[in-house]
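Inside the fold
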Amino acid sequence: MTETPAKPVLLTGASGALGRVLVKSLGALGWRMVLTDIVPFRDAVPDGATFVQADLVDGVTMLRLAEGCGAIVHLGGVSVERPFEEVIGPNIRGLYHIYEAARREKARVIFASSNHSVGFHERGESLPADTAFLPDGYYGLSKAYGELMGRMYWFKHGVESVNVRIGSATAEPVNARMLASWLSYPDFSRLIERAVMAPKVGHAVIWGASANSRMTWWRDDARAALGWTPVDSADPFAGQLAGKVSGDPVEERYMGGAYCSIEYTRNEPAPVWGEGDV
Ligand code: 15L
């Protein structure tokens with residue numbers, strides 16, 4: 001039996017695709033978990049876990065659910081590009097409730113950030129974890145704000161966070177972009193496990209991608225401090241996916257892919273970040 005966390009872990013977004021992956025993998029390790037989501041949880045709830053259907057916007061319930069927890073794995077909220085008014089409640093107000101709960105419980109937050117917080121960086125760049133945020137929409141903007149909220153709670157209250165900028169976490173890669181951005185479910189599960197179990201993390205940023213040889217976009221994060229090394233790779237899919245591109249120049253230019261072209265209204269190409277007057 002591997003080591004388990006000393007206190008239960010609150011997992012938000014438990015009913016989503018990645019939540020269900022974690023419930024299974026962490027449940028199999030014998031972790032005690034409090035699961036929550038705005039929609040019902042339809043899989044079997046593992047021994048040692050309970051599920052409570054709740055809205056992140058309900059701060060009192062979030063405080064109650066976090067009681068006695070040592071870590072909050074926060075996957076909940078809007079997880080795709082949506083209009084501003086839909087994003088603001090779950091991803092900003094809801095996140096504030098999570099950080100307040102973490103402050104009260106002296107719990108660590110594992111925040112599901114996203115590559116879309118830096119999505120308008122060009123694919124030819126190689127970004128360190130402290131690169132400038134360059135969100136590609138309201139969703140990516142909420143993730144950048146979320147990382148900054150964690151930074152504020154770390155400096156002001158000593159609340160630790162691991163901000164995982166997830167690339168594309170799916171069962172298999174499905175297009176050429178994902179030959180770089182893909183994060184396998186097993187690599188994701190091991191990453192979250194290490195993010196909870198690592199003795200000290202401070203305010204850490206991790207690029208959430210597997211060991212893909214095309215993953216030249218992101219570098220220099222806190223994985224060594226966590227003891228996480230991805231082992232899977234999208235490389236075996238290169239033959240079938242290398243030509244699977246959209247033909248949309250905006251989508252193919254930037255790391256954020258299709259999210260960059262949603263409601264895009266520029267007529268001339270944007271300058272490259274950091275070169276010239278941006
Ligand atoms: C994300 O942040 C989304 O949650 C997911 O649905 C994918 O779009 C992923 O990014 C991606 O960029 O592939």
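Preceding this section is the structure that the text describes.
Now for a quick tour of the structure. The residue numbers shown here count from 1 along each chain, following its written sequence. Only residues with pLDDT of at least 70 are given local features in this predicted model, and only at 80 or more are side-chain atom pairs given and counted; all residues enter the totals for whole chains, interfaces and linings. Excluded from the side-chain calculations are hydrogens and water; all other atoms, namely the structure's heavy atoms, are used.

Comments concerning the overall build of the protein chain
Across its full length, the protein chain holds ten helices and eleven strands. Computation of the radius of gyration draws on C-alpha atoms, with the globule rule given as 2.2 Å multiplied by the number of residues to the power 0.38. Compactness check: the protein chain gives a C-alpha radius of gyration of 18 Å against a globular reference of 19 Å for 278 residues, within 12% of the reference. For the protein chain, the C-alpha atoms occupy an extent of roughly 50 × 40 × 35 Å along the three principal directions. When contacts within the protein chain are restricted to residue pairs at least 6 apart in sequence, long-range pairs at least 24 apart make up 67% of them. Only four residue types enter the tally: Lys and Arg on the positive side, Asp and Glu on the negative side; His and the chain ends are excluded. Charge coordinates come from a single atom per side chain, which is NZ of Lys, CZ of Arg, CG of Asp or CD of Glu. When the 27 basic and 32 acidic side-chain charges of the protein chain are each reduced to a single mean position, those positions are 6 Å apart. Helix and strand definitions follow DSSP, with helices as H or I runs of at least four residues and strands as E runs of at least two, each counted in order from the N terminus. Residue contacts follow a heavy-atom distance rule, with two residues in contact if any of their heavy atoms lie within 4.5 Å.

Quick notes on the packing of aromatic side chains
Centre distance within 6.5 Å is the pairing criterion for rings of Phe, Tyr and Trp, where only the six-membered ring of Trp is used; planes under 30 degrees apart are then read as stacked, over 60 as edge-to-face, and the remainder as tilted. Here the structure, examined in full by the defined rule, presents nine aromatic pairs. Here Phe120 and Tyr264 contribute two aromatic rings whose centre-to-centre distance is 6.3 Å and whose plane-to-plane angle is 45°, an arrangement assigned as tilted. In this pair, Phe120 is assigned in the loop between β5 (108-114) and β6 (127-128) and Tyr264 in the segment after α10 (258-261), connecting sequence segments 144 residues apart. Buried means the residue's accessible area, taken with a 1.4 Å probe over protein chains only, is under 20% of the maximum for its type, while exposed means over 50%, and partly exposed covers the values in between. Under the relative-accessibility criterion, Phe120 is labelled partly exposed at 22%. Among the aromatic residues, those joined into a ring-pair cluster are Phe120, Tyr254 and Tyr264. Geometry around Trp207 places Arg165 over its ring, the cationic atom sitting 4.8 Å from the centre. Remark: a charge is flagged as sitting over a ring if the NZ atom of Lys or the CZ atom of Arg is within 6 Å of the ring centre and within 35 degrees of the ring normal.

What about a nonpolar patch on the surface?
Patch membership needs two things, relative accessible area over 30% and no salt bridge, and members are linked within 9 Å if like-charged or within 5 Å if nonpolar (Val, Leu, Ile, Met, Phe, Trp, Tyr). Per-residue and other accessible areas were derived by the Shrake-Rupley procedure at a 1.4 Å probe size, with only the shown protein chains allowed to occlude residues. A pair is scored as a salt bridge if a Lys or Arg side-chain nitrogen falls within 4 Å of a carboxyl oxygen belonging to Asp or Glu. Judged by side-chain polarity, Phe84, Ile88, Tyr138 and Leu141 come together as a nonpolar surface patch covering roughly 360 Å² of accessible area. Looking at the nonpolar patch, the elements that each hand over two or more residues are α3 (84-105) and α4 (138-157). Note on placement: Phe84 falls in helix α3.

Note that all results are geometric; they support no functional claim without further evidence.
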